[in-house]
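Summary of the model geometry
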Amino acid sequence: MTTHLTDDDLVLHFYGEMDHATESEAVSHLAGCDECRRSYTRLQRVLAAVDAMPAPALPDAFERVVWARLESALPPRRGWLGGWLGELMVGPANLAWAAAVMLLVAGAFFAGRLTNPPTGVHTPTMASAVDIRERILLSDIGEHLDRSQAMLIELVTAEQPDGRDEVDISLDRARAEELVAANRLYRQTVSATGNSPVTQLLDELERLLVELAASPDRLPAEDMERVQQRVAAKDLLFKVRVVSTALRAKQQQQQQTTGRAGA
Amino acid sequence: MPQLDAAAVALARDGDSDAFRALVERHSRAVYRLAYRMTGSPTDAEDVVQETFLRAYRQLARFESRANFGTWVHRIAVNCSIDLIRSRPHRESAHDGADLEQFGAAMESTDATGTSPERLMLSTEVQERIGDAMSGLSRMERAAFMLRHLEGRSIDEISQSLGLKTNATKHSIFRAVRKMRAALEPFVADA
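A quick note: this is a predicted structure, and the numbers were derived from the prediction, not measured.

This brings us to the overall build of chain A. The secondary structure content of chain A amounts to 11 helices and 2 strands. Counting helices and strands in the order they occur from the N terminus, chain A gives α-α-α-α-α-α-α-β-α-α-β-α-α. A separation threshold of at least 6 residues defines the contact pool for chain A, and within that pool the share at least 24 residues apart is 74%.

As structure tokens, this is what we get:
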């Protein structure tokens with residue numbers, strides 16, 4: 001190759017895209033031509049600089065935002081009970097879910113096996129102790145859900161103050177911090193009875209509580225909007241209300257039964 | 001990390017959403033960076049991240065446990081980026097010689113004398129220059145160049161991926177390199 005290498009030749013040489021014969025000629029030309037060698041060195045430097053291309057700055061909460069966006073789009077997986085959440089976003093399905101929760105909570109599935117799976121015959125004293133524990137637990141979970149519901153209502157109705165691009169969530173954050181430990185305990189207890197919508201609800205609630213507890217006191221308006229959208233998309237408030245109502249109904253039913261038995 | 005990923009994949013296959021979430025959280029930044037470099041658009045990059053993990057989720061059963069999840073998801077992200085780029089109309093004619101000269105003239109306005117390339121390589125200004133130069137590339141130029149330069153794909157492979165003729169791919173890469181040279185050569189001139 002007697003003529004100088006073109007810029008495009010140098011690019012092909014750099015990337016090893018020349019055929020064997022042309023490549024050999026280019027190599028020998030570069031060995032003997034200062035001008036082409038200088039040009040090639042500059043190309044190498046430019047392309048090395050490209051490797052230092054800046055990475056876009058991402059917010060700290062990037063992963064959480066990705067997951068929040070992704071989770072609702074994931075198709076249900078066999079054996080993955082988390083999938084039911086995605087199907088609950090339409091009205092009729094929500095109603096079906098609510099009905100299922102009512103049945104589960106009102107029946108023996110939830111309350112009857114919550115603290116003591118049936119393993120044999122109970123004496124009246126044992127049954128009574130189990131009943132008391134169940135009632136306490138039902139009451140505790142009901143109260144926990146009521147507090148969670150109050151927090152969710154404040155969260156979804158919080159408005160961005162005029163002229164500010166941040167929302168003060170210090171109270172919600174503090175409340176979430178208080179609720180998260182109790183929520184974890186209740187979730188673990190309920191999940192010991194088997195996979196139920198209640199476990200799934202507490203699981204979903206826990207994720208939100210954990211995120212809120214880990215958030216700064218002042219949340220950028222965009223992040224706040226995402227949190228609100230997430231609560232709405234998951235129908236969390238609706239589900240908390242349904243389960244809370246069902247638990248109250250179960251409690252009343254137990255109290256009436258106890259009252260009649262004692263009469 | 002690969003062992004953690006393998007364990008998470010195994011759990012995610014069995015329906016553990018937390019395990020899949022861990023995988024997403026561990027790899028989403030890298031996927032975003034790749035997607036951004038490929039597409040040049042934050043919005044498109046976000047879409048690519050979403051689509052990448054959706055595909056990964058659907059294909060979890062096909063993932064071989066001995067493979068590296070990061071590499072696997074990276075490959076999916078490249079394909080998602082390519083699909084997105086191919087789905088958009090492109091106008092290579094808008095990036096002809098005149099366009100390149102204009103680009104070069106705009107980039108020549110900065111005086112970069114008196115500073116060593118090593119120092120400049122790390123400077124914010126160079127980084128900004130690279131960013132500006134990259135945003136001056138057409139969608140196809142950018143994709144072809146990134147696939148060649150960062151992904152190490154051959155021109156033939158890139159042609160197939162992007163649905164271009166070999167010559168068109170070469171010229172996309174040549175134009176991209178010319179623009180990068182026009183933008184960066186003043187900074188990397190002989191020390």
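Still to come is the rest of the account.
Here we come to the overall build of chain B. When you go through chain B residue by residue, the secondary structure sums to 10 helices and 0 strands. Helices and strands in chain B line up, N terminus first, as α-α-α-α-α-α-α-α-α-α. Buried positions account for 41% of the 191 residues belonging to chain B. Within chain B, residue pairs in contact and separated by at least 24 positions form 69% of the contacts whose partners lie at least 6 positions apart.

Moving on: the interface of chain B and chain A. Many descriptions give the size of an interface as the accessible area lost when the pieces come together. Between chain B and chain A, the contact holds 38 residues from the first and 31 residues from the second. Every element with two or more residues in the side of chain B that touches chain A is listed here: helix H2 (17–39), helix H3 (42–58), helix H6 (117–122), helix H7 (124–135), helix H8 (139–149) and helix H10 (166–188) of chain B. With 10 residues, the single largest contributor to the side of chain B that touches chain A is H2 of chain B. Its residues assigned to classes, the side of chain B that touches chain A shows 21 nonpolar, 7 polar and 10 charged.

Moving on, we get to the nonpolar core. Counting 62 residues, the largest nonpolar core has Ala 35 and Leu 184 of chain B as its most contacted members. Considering every element that reaches this core, the biggest residue donor is H2 of chain B, with 10 residues. Setting aside residues up to four positions removed in sequence, Leu 184 of chain B forms contacts with Val 46 and Ala 49 of chain A together with Arg 129, Ile 130 and Ala 133 of chain B. Counting residues in each nonpolar core, the second largest holds 30 residues, with Leu 155, Leu 202, Met 224 and Val 243 of chain A among its members.

Next up on the list: the packing of helix H9 (residues 155–162) of chain B against H10 of chain B. All names here are of chain B. Where H9 meets H10, the axes come as close as 9 Å, and the angle between the chain directions of the two elements is 105°. With respect to each other, H9 and H10 are oriented roughly perpendicular. Contacts from Ile 155, Asp 156, Ile 158, Ser 159 and Leu 162 in H9 reach Thr 166, Thr 169 and Lys 170 in H10. Classifying every residue of the contact of H9 with H10 gives 3 nonpolar, 3 polar and 2 charged.

Rules of the game
Every chain's residues receive numbers from 1 upward, in the order its sequence appears when written. The lettering of chains begins at A and the numbering of ligands begins at 1, in the order of writing. Local features in a predicted model are, by the rule used here, given only for residues with pLDDT of at least 70; side-chain atom pairs are given and counted only at 80 or more, and totals for whole chains, interfaces and linings are based on all residues. Numbering of helices and strands starts at the N terminus; helices are DSSP runs of H or I of at least 4 residues and strands are runs of E of at least 2. C-beta atoms are placed from the backbone for every residue, and two residues are taken to be in contact when these atoms lie within 7 Å. Backbone-placed C-beta atoms define the burial measure: a residue is buried with 20 or more other C-beta atoms within 10 Å of its own, exposed with 12 or fewer, and partly exposed in between. Classification convention: Asp, Glu, Lys, Arg as charged; Ala, Val, Leu, Ile, Met, Phe, Trp, Tyr, Cys, Pro as nonpolar; all other residues, Gly among them, as polar. Any set of buried Ala, Val, Leu, Ile, Met, Phe, Trp, Tyr and Cys residues joined through C-beta atoms within 7 Å is what this text calls a nonpolar core. All axes here are fitted lines through C-alpha atoms, helices being fitted over the stretch that makes contact, and every angle between N-to-C directions spans 0 to 180 degrees. Any angle between 65 and 115 degrees counts as roughly perpendicular, while under 35 counts as roughly parallel, over 145 as roughly antiparallel, and the rest as oblique.

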